[in-house]
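One letter stands for each residue in the lines below.
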Amino acid sequence: MTATIMYGKQLADEYRTKFKIEVENLKRKGIDPCLAVIIVGDNPASKTYVRMKQKACEQIGIKSIVKAFDKKISEATLLSYIESLNQDRNVHGILVQLPLPDHINEKSILEKINPAKDVDGFHPINIGKLLIGQETLYPCTPLGILKLLEHYKVEIEGKHVVVVGRSHIVGKPVGQLLLNQNATVTYCHSKTKDLFKYTKQADILIVAVGKAKLITKEAVKKDAVVIDVGNTFLESGEVVGDVDFNHVKDIVSFITPVPKGVGPMTITMLLHNTIRATESQLTI
Ligand code: GUN
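Residues numbered from 1 in each chain as written. Predicted model: local features only at pLDDT ≥ 70, side-chain atom pairs only at ≥ 80, totals over all residues. Heavy atoms only, no water.

Enquirer: Which residues make up the packing of aromatic side chains, and what values go with them?
Expert: For the structure shown, the criterion picks out 3 aromatic pairs. Seen in terms of ring centroids, Tyr 15 and Phe 19 are 5.6 Å apart; in terms of plane orientation they differ by 35°. Their pairing is tilted. Linking Tyr 15 with Phe 19, this pair stays in helix 1 (residues 8–28), spanning 4 residues, or about one helical turn. On the basis of relative accessibility, which here comes to 14%, the residue Tyr 15 falls in the buried class. With centroids separated by 6.2 Å and ring planes inclined at 65°, the aromatic side chains of Tyr 152 and Phe 254 adopt a geometry described as edge-to-face. Within this pair, whereas Tyr 152 is found in the loop between helix 6 (140–151) and strand 5 (160–164), its partner Phe 254 is found in strand 11 (residues 254–255), the two being separated by 102 residues in sequence. Neither Tyr 152 nor Phe 254 differs from the other in exposure class; each is buried. Cation over ring: Lys 67 sits above Tyr 81, and NZ or CZ is 5.6 Å from the ring centre. (Phe/Tyr/Trp six-rings, centres within 6.5 Å; stacked < 30°, edge-to-face > 60°. Helix = DSSP H or I, 4+ residues; strand = E, 2+ residues; numbered from the N terminus. Buried < 20%, exposed > 50% of the residue type's maximum accessible area, 1.4 Å probe, protein only. Lys NZ or Arg CZ within 6 Å of the ring centre and 35° of its normal.)

Enquirer: I'd like a description of the site of the ligand, backed by residues and values.
Expert: Neighbouring the ligand are Lys 53, Leu 95, Val 96, Gln 97, Leu 98, Asp 120, Phe 122 and Ile 169. Asp 120 places a side-chain nitrogen or oxygen 2.6 Å from a nitrogen atom of the ligand. Of the residues that constitute the shell around the ligand, the class distribution is 5 nonpolar, 1 polar and 2 charged. (Near = heavy atom within 4 Å. Polar contact = N/O pair within 3.5 Å; in protein donor to acceptor, adjacent residues only side chain to side chain. Nonpolar A, V, L, I, M, F, W, Y, C, P; charged D, E, K, R; others polar.)

Enquirer: Lay out the pattern of salt bridges with the relevant residues and their values.
Expert: Across all of its chains, the model carries 9 salt bridges by this definition. Between Asp 203 and Lys 221 there is a salt bridge, with the nearest N and O atoms lying 2.7 Å from each other. Of the two residues, Asp 203 is situated in the loop between helix 8 (195–199) and strand 7 (204–207) and Lys 221 in the loop between strand 7 and strand 8 (225–228); the sequence distance between them amounts to 18 residues. Given a relative accessible area of 32%, Lys 221 falls into the partly exposed group. Look at the salt bridges and you will find they share partners, linking Glu 22, Arg 276 and Glu 279 into a network. (Salt bridge = Lys/Arg side-chain N within 4 Å of Asp/Glu carboxyl O.)

Enquirer: I'd love a proper account of the sheet that holds strand 11, names of residues and values included.
Expert: Within a sheet, each strand pairs with its neighbour through backbone hydrogen bonds, oriented either parallel or antiparallel. Within the open sheet, the 6 strands sit side by side as 1-11-8-7-5-6. Their pairing is parallel. Looking at the sheet topology across the chains shown, the edges are occupied by strand 1 (4–5) and strand 6 (184–188). Examined bridge by bridge, strand 5 and strand 7 share 4 bridges and lie parallel to one another. Bridge pairing links Val 161 to Ile 204 in strand 7. Of the strands in this sheet, strand 5, strand 6 and strand 7 touch helix 7 (residues 171–180), which is tilted by about 170° from strand 6. (Pairing = 2+ DSSP bridges. Contact = heavy atoms within 4.5 Å. Axes fitted to C-alpha atoms, helices over the stretch in contact; angles between N-to-C directions.)

Enquirer: Can you explain helix 1? Please cite residues and give values.
Expert: With 21 residues, helix 1 should reach 30 Å at 1.5 Å per residue; the first-to-last C-alpha distance of 30 Å fits that figure. Those residues of helix 1 that fall on the buried side of the exposure criterion are Gly 8, Leu 11, Ala 12, Tyr 15, Arg 16, Phe 19, Val 23 and Leu 26. Each buried residue of helix 1 sits inside an arc of 135° when the element is viewed along its axis, so together they form one side. In helix 1, the exposed positions that point more than 90 degrees away from the buried face belong to Thr 17 and Arg 28. Looking at the buried positions of helix 1, the neighbouring elements they touch are helix 2 (44–60), helix 6 and helix 10 (263–280). Backbone geometry just downstream of helix 1 places Gly 30 in the positive-phi region, at approximately 85°. (Expected span 1.5 Å × (residues − 1). Arc of directions from axis to C-beta.)

Have a look at this one:
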(Lines give C-alpha, C1' and ligand atoms only; values in the text may rest on other atoms or scores of the structure.)
Protein backbone atom coordinates (compact mmCIF):
# COMPACT_ATOMS: atom_id res chain seq x y z
CA MET A 1 0.00 0.00 0.00
CA THR A 2 1.22 3.51 -0.74
CA ALA A 3 0.51 6.28 1.72
CA THR A 4 -1.71 9.29 1.17
CA ILE A 5 0.65 12.24 0.76
CA MET A 6 -0.39 15.13 2.99
CA TYR A 7 0.27 18.20 0.89
CA GLY A 8 0.45 21.15 3.25
CA LYS A 9 0.97 23.40 0.26
CA GLN A 10 -2.51 22.65 -1.09
CA LEU A 11 -4.18 23.18 2.29
CA ALA A 12 -2.12 26.32 2.92
CA ASP A 13 -3.37 27.80 -0.38
CA GLU A 14 -6.98 27.11 0.66
CA TYR A 15 -6.42 28.85 4.00
CA ARG A 16 -4.75 31.84 2.36
CA THR A 17 -7.71 32.34 0.03
CA LYS A 18 -9.98 32.40 3.10
CA PHE A 19 -7.66 34.72 5.05
CA LYS A 20 -7.55 37.17 2.15
CA ILE A 21 -11.32 37.61 2.45
CA GLU A 22 -11.07 38.00 6.24
CA VAL A 23 -8.45 40.74 5.81
CA GLU A 24 -10.62 42.50 3.21
CA ASN A 25 -13.53 42.42 5.68
CA LEU A 26 -11.36 43.94 8.43
CA LYS A 27 -10.14 46.65 6.07
CA ARG A 28 -13.72 47.47 5.13
CA LYS A 29 -14.26 48.21 8.84
CA GLY A 30 -11.21 50.50 8.83
CA ILE A 31 -8.86 47.99 10.47
CA ASP A 32 -5.55 47.42 8.74
CA PRO A 33 -3.88 44.27 10.15
CA CYS A 34 -0.15 44.82 10.57
CA LEU A 35 2.69 42.46 11.46
CA ALA A 36 6.08 43.75 12.63
CA VAL A 37 9.02 41.41 12.04
CA ILE A 38 12.40 41.96 13.68
CA ILE A 39 15.53 40.36 12.29
CA VAL A 40 18.96 40.73 13.90
CA GLY A 41 22.18 40.01 11.99
CA ASP A 42 22.64 38.37 8.62
CA ASN A 43 21.82 34.70 9.06
CA PRO A 44 20.94 33.67 5.47
CA ALA A 45 18.24 31.19 6.50
CA SER A 46 16.59 33.80 8.75
CA LYS A 47 16.67 36.34 5.92
CA THR A 48 14.97 33.85 3.62
CA TYR A 49 12.28 33.03 6.19
CA VAL A 50 11.61 36.71 6.84
CA ARG A 51 11.27 37.39 3.11
CA MET A 52 8.82 34.48 2.84
CA LYS A 53 6.78 35.84 5.76
CA GLN A 54 6.72 39.30 4.19
CA LYS A 55 5.59 37.88 0.85
CA ALA A 56 2.85 35.80 2.48
CA CYS A 57 1.51 38.89 4.27
CA GLU A 58 1.53 40.86 1.04
CA GLN A 59 -0.30 38.05 -0.76
CA ILE A 60 -3.32 38.29 1.56
CA GLY A 61 -3.23 42.04 2.21
CA ILE A 62 -1.63 42.13 5.68
CA LYS A 63 0.72 45.07 6.08
CA SER A 64 4.20 44.04 7.21
CA ILE A 65 7.00 46.09 8.70
CA VAL A 66 10.45 44.50 8.69
CA LYS A 67 13.04 46.02 11.00
CA ALA A 68 16.57 44.72 10.41
CA PHE A 69 19.18 45.36 13.12
CA ASP A 70 22.91 44.92 12.94
CA LYS A 71 24.15 41.82 14.81
CA LYS A 72 25.94 44.08 17.32
CA ILE A 73 22.73 45.76 18.52
CA SER A 74 22.41 45.88 22.31
CA GLU A 75 19.73 43.97 24.14
CA ALA A 76 18.48 47.25 25.66
CA THR A 77 17.93 48.81 22.21
CA LEU A 78 16.06 45.75 21.06
CA LEU A 79 13.90 45.73 24.20
CA SER A 80 13.01 49.39 23.77
CA TYR A 81 12.11 48.86 20.10
CA ILE A 82 9.79 46.00 21.11
CA GLU A 83 8.23 48.26 23.73
CA SER A 84 7.50 50.86 21.04
CA LEU A 85 5.75 48.16 18.97
CA ASN A 86 3.81 47.02 22.04
CA GLN A 87 2.53 50.60 22.44
CA ASP A 88 1.76 51.12 18.75
CA ARG A 89 -1.98 50.57 18.25
CA ASN A 90 -1.44 50.15 14.51
CA VAL A 91 0.80 47.10 15.02
CA HIS A 92 -1.16 43.94 15.83
CA GLY A 93 1.50 41.23 15.62
CA ILE A 94 5.18 41.15 16.64
CA LEU A 95 7.65 38.46 15.66
CA VAL A 96 11.37 38.30 16.47
CA GLN A 97 13.10 35.96 14.06
CA LEU A 98 15.26 33.37 15.87
CA PRO A 99 18.05 32.61 16.48
CA LEU A 100 19.39 35.81 18.03
CA PRO A 101 23.11 36.57 18.49
CA ASP A 102 24.68 35.00 21.61
CA HIS A 103 24.98 38.29 23.55
CA ILE A 104 21.21 38.78 23.49
CA ASN A 105 19.07 36.88 25.99
CA GLU A 106 16.37 35.26 23.87
CA LYS A 107 14.17 34.64 26.91
CA SER A 108 14.12 38.35 27.89
CA ILE A 109 13.29 39.38 24.33
CA LEU A 110 10.42 36.93 23.95
CA GLU A 111 9.03 37.91 27.36
CA LYS A 112 9.02 41.56 26.34
CA ILE A 113 6.48 41.04 23.55
CA ASN A 114 2.90 41.84 24.55
CA PRO A 115 1.29 38.35 24.74
CA ALA A 116 -1.71 39.67 22.77
CA LYS A 117 0.65 40.52 19.87
CA ASP A 118 2.80 37.38 20.21
CA VAL A 119 1.97 35.78 16.85
CA ASP A 120 4.70 33.14 17.31
CA GLY A 121 3.03 31.95 20.51
CA PHE A 122 6.39 31.81 22.30
CA HIS A 123 5.60 34.10 25.27
CA PRO A 124 5.50 32.18 28.59
CA ILE A 125 1.90 33.35 29.12
CA ASN A 126 0.82 31.86 25.80
CA ILE A 127 2.81 28.67 26.40
CA GLY A 128 1.20 28.45 29.85
CA LYS A 129 -2.28 28.83 28.35
CA LEU A 130 -1.47 26.07 25.87
CA LEU A 131 -0.39 23.86 28.79
CA ILE A 132 -3.70 24.30 30.60
CA GLY A 133 -5.73 23.92 27.42
CA GLN A 134 -6.85 27.52 27.13
CA GLU A 135 -7.50 29.19 23.78
CA THR A 136 -4.64 31.54 22.83
CA LEU A 137 -2.05 32.25 20.12
CA TYR A 138 -0.38 28.86 19.53
CA PRO A 139 3.08 28.33 17.93
CA CYS A 140 2.71 28.23 14.14
CA THR A 141 4.28 24.90 13.15
CA PRO A 142 2.42 22.88 15.81
CA LEU A 143 -0.86 24.58 14.87
CA GLY A 144 -0.16 23.86 11.19
CA ILE A 145 0.38 20.18 12.01
CA LEU A 146 -2.89 20.04 13.94
CA LYS A 147 -4.75 21.61 10.98
CA LEU A 148 -3.13 19.12 8.59
CA LEU A 149 -4.20 16.16 10.74
CA GLU A 150 -7.72 17.58 10.98
CA HIS A 151 -7.91 18.20 7.23
CA TYR A 152 -6.93 14.61 6.44
CA LYS A 153 -9.41 13.38 9.09
CA VAL A 154 -6.72 11.64 11.13
CA GLU A 155 -8.24 10.61 14.45
CA ILE A 156 -6.22 11.94 17.40
CA GLU A 157 -8.17 10.95 20.50
CA GLY A 158 -6.74 7.85 22.15
CA LYS A 159 -3.91 7.57 19.61
CA HIS A 160 -0.29 7.14 20.62
CA VAL A 161 1.62 10.19 19.37
CA VAL A 162 5.40 9.96 19.49
CA VAL A 163 7.21 13.29 19.11
CA VAL A 164 10.91 13.18 18.25
CA GLY A 165 12.47 16.51 19.26
CA ARG A 166 11.77 18.71 22.26
CA SER A 167 12.32 22.24 20.94
CA HIS A 168 10.22 25.10 22.27
CA ILE A 169 9.25 25.97 18.69
CA VAL A 170 7.91 22.59 17.56
CA GLY A 171 8.41 19.46 19.67
CA LYS A 172 7.13 20.51 23.08
CA PRO A 173 4.12 22.54 21.89
CA VAL A 174 2.97 20.03 19.27
CA GLY A 175 2.90 17.27 21.89
CA GLN A 176 0.94 19.55 24.18
CA LEU A 177 -1.60 20.51 21.50
CA LEU A 178 -2.23 16.85 20.74
CA LEU A 179 -2.41 15.94 24.42
CA ASN A 180 -5.14 18.57 24.67
CA GLN A 181 -6.92 16.59 21.91
CA ASN A 182 -6.75 13.48 24.12
CA ALA A 183 -3.79 11.74 22.47
CA THR A 184 -1.30 9.73 24.55
CA VAL A 185 2.00 11.50 23.99
CA THR A 186 5.58 10.23 24.25
CA TYR A 187 8.51 12.62 23.79
CA CYS A 188 11.85 11.37 22.46
CA HIS A 189 15.02 13.46 22.22
CA SER A 190 18.79 13.31 21.81
CA LYS A 191 19.24 11.42 25.09
CA THR A 192 16.54 8.82 24.38
CA LYS A 193 17.97 5.30 24.33
CA ASP A 194 16.82 2.97 21.56
CA LEU A 195 14.82 5.64 19.68
CA PHE A 196 13.21 3.22 17.24
CA LYS A 197 11.71 1.21 20.12
CA TYR A 198 9.44 4.24 20.68
CA THR A 199 8.93 5.41 17.12
CA LYS A 200 7.75 1.92 16.12
CA GLN A 201 4.92 2.23 18.64
CA ALA A 202 3.59 5.47 17.19
CA ASP A 203 0.15 5.71 15.63
CA ILE A 204 1.16 9.29 14.78
CA LEU A 205 4.89 10.01 14.53
CA ILE A 206 6.07 13.64 14.47
CA VAL A 207 9.74 14.23 13.79
CA ALA A 208 11.37 17.63 14.29
CA VAL A 209 15.10 17.28 14.85
CA GLY A 210 16.77 18.42 11.61
CA LYS A 211 18.63 15.13 10.97
CA ALA A 212 18.30 14.09 7.35
CA LYS A 213 16.51 10.75 6.87
CA LEU A 214 16.84 9.76 10.55
CA ILE A 215 13.60 7.80 10.39
CA THR A 216 13.96 4.75 8.16
CA LYS A 217 11.32 2.18 7.29
CA GLU A 218 12.54 0.06 10.24
CA ALA A 219 11.51 2.90 12.57
CA VAL A 220 7.80 3.02 11.76
CA LYS A 221 4.74 0.91 12.38
CA LYS A 222 2.60 -0.28 9.45
CA ASP A 223 -0.19 2.23 8.69
CA ALA A 224 1.23 4.94 10.97
CA VAL A 225 0.73 8.64 10.21
CA VAL A 226 4.09 10.38 9.75
CA ILE A 227 4.64 14.14 10.03
CA ASP A 228 8.09 15.32 8.96
CA VAL A 229 9.14 18.78 10.15
CA GLY A 230 12.79 18.36 9.04
CA ASN A 231 14.27 20.60 6.40
CA THR A 232 17.92 19.86 5.63
CA PHE A 233 19.75 21.26 2.60
CA LEU A 234 22.12 18.61 1.18
CA GLU A 235 25.29 19.62 -0.66
CA SER A 236 23.60 18.44 -3.86
CA GLY A 237 21.05 21.24 -3.36
CA GLU A 238 18.29 18.77 -2.54
CA VAL A 239 16.08 19.53 0.48
CA VAL A 240 15.24 16.48 2.59
CA GLY A 241 13.31 15.87 5.77
CA ASP A 242 14.00 13.83 8.91
CA VAL A 243 12.18 10.88 7.35
CA ASP A 244 13.43 8.62 4.56
CA PHE A 245 10.31 9.45 2.55
CA ASN A 246 10.85 7.13 -0.43
CA HIS A 247 11.04 4.00 1.70
CA VAL A 248 8.74 4.95 4.57
CA LYS A 249 5.83 5.89 2.27
CA ASP A 250 5.33 2.23 1.30
CA ILE A 251 4.56 1.22 4.87
CA VAL A 252 2.57 4.05 6.42
CA SER A 253 -0.97 5.31 5.74
CA PHE A 254 -0.26 9.08 5.66
CA ILE A 255 2.99 11.01 5.28
CA THR A 256 4.00 14.64 4.70
CA PRO A 257 6.48 15.34 1.89
CA VAL A 258 9.50 17.65 2.16
CA PRO A 259 9.23 20.23 0.69
CA LYS A 260 5.52 21.18 0.31
CA GLY A 261 4.45 19.38 3.49
CA VAL A 262 4.54 21.05 6.90
CA GLY A 263 6.60 24.07 5.77
CA PRO A 264 3.86 26.01 3.94
CA MET A 265 1.51 25.48 6.88
CA THR A 266 3.87 27.26 9.28
CA ILE A 267 3.74 30.61 7.52
CA THR A 268 0.04 30.17 6.87
CA MET A 269 -0.57 29.81 10.62
CA LEU A 270 1.46 32.99 11.15
CA LEU A 271 -1.13 34.71 8.95
CA HIS A 272 -3.89 33.03 10.96
CA ASN A 273 -2.36 34.24 14.24
CA THR A 274 -1.91 37.77 12.91
CA ILE A 275 -5.58 37.97 11.94
CA ARG A 276 -6.67 36.47 15.30
CA ALA A 277 -4.36 38.87 17.19
CA THR A 278 -5.81 41.82 15.25
CA GLU A 279 -9.36 40.75 16.05
CA SER A 280 -8.55 40.28 19.74
CA GLN A 281 -7.19 43.83 19.97
CA LEU A 282 -10.27 45.51 18.56
CA THR A 283 -11.87 47.79 21.09
CA ILE A 284 -14.95 48.63 18.99
N1 GUN B 1 13.29 30.46 13.68
C2 GUN B 1 12.98 29.21 13.25
N3 GUN B 1 11.65 28.99 13.32
C4 GUN B 1 11.10 30.12 13.80
C5 GUN B 1 9.74 30.49 14.09
O6 GUN B 1 8.79 29.73 13.94
N7 GUN B 1 9.61 31.76 14.57
C8 GUN B 1 10.66 32.61 14.79
N9 GUN B 1 10.39 33.80 15.28
N10 GUN B 1 11.90 32.27 14.53
C11 GUN B 1 12.12 31.04 14.03
